[in-house]
Amino acid sequence: MNQALAIDAAGIGKRFVVKESGQVVQALDDVSLQVPAGALTALVGPDGAGKTTFLRLVAGLMTPQQGTLRVLNEDVIAQPQRIQDRISYMPQRFGLYEDLSVQENLDLYADLHGVPADVRRGRYDKLLAMTDLARFTSRPAGKLSGGMKQKLGLACTLVRSPELLLLDEPTVGVDPLSRRELWEIVSQLIDEENLSVIVATAYLDEAERCARVYVLHEGRLLAAGDPAAIARHAHGRCFVATPADGEPARELQARLLDDTAHIIDAVPQGGEVRLIRGDDTAALPALRGAVLRPVPERLEDGFMVLLRARQEDADSGAVDDPGMQAGEDTAQDALPTDPDDEALALDRPAIEVRDLVRKFGDFTAVDRTTFSVSRGEIFGLLGPNGAGKTTTFRMLCGLLPASGGHAQVAGMDLRTARARARRHIGYVSQKFALYGNLTAMENLRFFGGAYGLRGKRLARRIDTVLTQFGLHGHENAPAGQLPGGTKQRLAMAVGLLHEPDILFLDEPTSGADPLARRRFWRSITALADTGTTIVITTHFMEEAEYCDRIVIQDAGKLLALGTPAEVRQQAGETPDARLDMEQAFIGIVEQGRRAREAA
């Protein structure tokens, strides 16, 4: 093998048999690729593409049924332990011990890897400095924010100096500031230690940092090359459309996405819409006067062209109009009328929050937050890990009492009517919260019954959400064994079974690929058009552009509130210096932290 290669895979095949159904799943099919030593390489692809399976094969944790696989010039099939002694692997769910402190977690992993005592001190000092965790060595891991946990997981993975580092979606659920810090750490290690790194990621801007990118789809290698080579699949097709005065970017984007005959992709960007045209040059009626200008292609554009080319017709079920489906239920099957329903009148806010406070002992997680959300509005709640977003969510869903202030949801005071308010709420949590050992259909029936749905009404609602979220064909699969994107669609289907007036979504697209995110948001914008109020948290800053208004908070305090355009202007955007939402987010959070430190 060429000494310049860290990984040399030829004709790799791996299949699994699902115990419950006996179905054979081909996770990898004739995959051949080469990963250069001393460089950063990316694996990208939709859910179920085979990225995690490939990393586990490289780590010697599984054995392929076909092909040859050499890692660091060793046959990993014949000598898995020799490989494991030379690499480090950070899986999607890294096993931190939350009751142990930061230092105790480092010591534990150093013990497991047999790191000599005389090596540890210098290694600890370097890792703690790189991750900025030196101040928190005595803090329990369970008390760290999501971003800090990821940095500690990376530090524990690197307590010994590996020759090859495998990272499986290391920044899922991590805010943009923490993502930037994690990548600075990885880049520093590559430069200083000549480390070889292969990363599976759902963030295409991260993959753009890499020397080489491999695109996987349904277990097969779809494309390979440097980021520019992948991007060239979209050459000459990329444009930005400026909406007509007064039109939200998401409405133009929705029309463009629906024009599948001429448009491959469309996504809001800085108050405009970035789009990829098909092969033809036909007029685009969906523009309705919007002005087009050509822009250079990006890696994500090439990725979307490749995926659209392979997309199956059956996938289109995930973008059906929720409003059209919801309107089919008959009046006699409707849920009993709540005597408080008049509180949901159009002229009253769906949510009102004034000086909301939540404390955990001496720690203030939410500090006098005030905002309101109108009926039918898409409202974004943004902030770094540990900012208080999920705590605010849980209070507004009636799952956690406030320590102070006032919160009214669906016209009801959460201090006195939490149970009644919950009848009008749907909630999709950050982590998969359905019953993994039950099938998708059993979950739908169980939660439908818990919501008070029975008989024909329940059967009709189940059929509606199965179609709405592209779940036909998955009804009898155990929920815990579904791919990540399908699990998320099932969680959405359960949350919408009872047709709530307000839907809370806590990082619903975390870890999803761009194609799945577009489908998800097409459903959400259609749902808002029917009058459903959406409150959402996300770490994909592009998704803030779908919102009518957003809040940015940090350390429990509100830093910004307004439309996406107003927030970008607060961050310093001018007509001559446009900002995207990630730049605006980082600018506002850093400005708030400087002000806090100066106070």
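Just so it is clear, the model here is predicted, and its values are computed rather than measured. (Residues numbered from 1 in each chain as written. Predicted model: local features only at pLDDT ≥ 70, side-chain atom pairs only at ≥ 80, totals over all residues. Heavy atoms only, no water.)

> Can you tell me about the packing of aromatic side chains, naming the residues and giving the values?
Per the stated rule, a full pass over the model turns up 8 aromatic pairs. Seen from their ring centres, phenylalanine 371 and phenylalanine 379 are 5.1 Å apart, and the 20° between their planes marks the pair as stacked. Phenylalanine 371 sits in the buried class, given a relative accessible area of 6%. Each residue in the set Tyr435, Phe446 and Phe447 is aromatic and connected to the rest through ring pairs, giving one cluster. Its guanidinium or amino end placed over the ring of tyrosine 203, arginine 179 lies 3.9 Å from that ring's centre, counting from NZ or CZ. Positioned over the ring face of phenylalanine 360 is arginine 358, at 4.6 Å from the centre of the ring. (Phe/Tyr/Trp six-rings, centres within 6.5 Å; stacked < 30°, edge-to-face > 60°. Buried < 20%, exposed > 50% of the residue type's maximum accessible area, 1.4 Å probe, protein only. Lys NZ or Arg CZ within 6 Å of the ring centre and 35° of its normal.)

> Just give me the short version of the environment of histidine 474, but keep the residues and values in it.
Tracing the backbone shows histidine 474 in the loop between helix H15 (455–468) and helix H16 (484–496). A C-alpha to C-alpha distance of 49 Å links histidine 474 and arginine 120, two positions 354 residues apart in sequence. If sequence neighbours within four positions are ignored, histidine 474 has contacts with Ala440, Leu482, Thr486 and Arg489. (Helix = DSSP H or I, 4+ residues; strand = E, 2+ residues; numbered from the N terminus. Contact = heavy atoms within 4.5 Å.)

> Please set out the packing of helix H3 (residues 102–112) against helix H5 (residues 146–157) residue by residue, giving values where relevant.
As a packed pair, H3 and H5 sit with axes 9 Å apart at the nearest point and diverge in direction by 30°. Classified by the interaxial angle, the pair formed by H3 and H5 is roughly parallel. In the packing of H3 onto H5, the handedness of the crossing is right-handed. On the side of H3, the interface is formed by Val102, Asn105, Leu106 and Tyr109, while H5 contributes Leu152, Ala155 and Cys156. (Axes fitted to C-alpha atoms, helices over the stretch in contact; angles between N-to-C directions. Parallel < 35°, antiparallel > 145°, perpendicular 65-115°, else oblique. Left-handed = near helix turned anticlockwise from the far one by under 90°.)

> I'd love a proper account of the sheet that holds strand E2 (residues 24–36), names of residues and values included.
The strand order E2-E1-E4-E5 describes an open sheet built from 4 strands, whose pairing is antiparallel. The sheet is open, and its two edges are formed by E2 and strand E5 (74–75), each paired on a single side. As paired strands, strand E4 (residues 66–71) and E5 are joined by 2 bridges and run antiparallel to one another. Each residue of the ladder has a partner; that of arginine 70, found in E5, is aspartate 75. Running over the sheet, helix H1 (residues 51–58) touches strand E1 (5–17), E2 and E4 and is turned about 120° from E1. (Pairing = 2+ DSSP bridges.)

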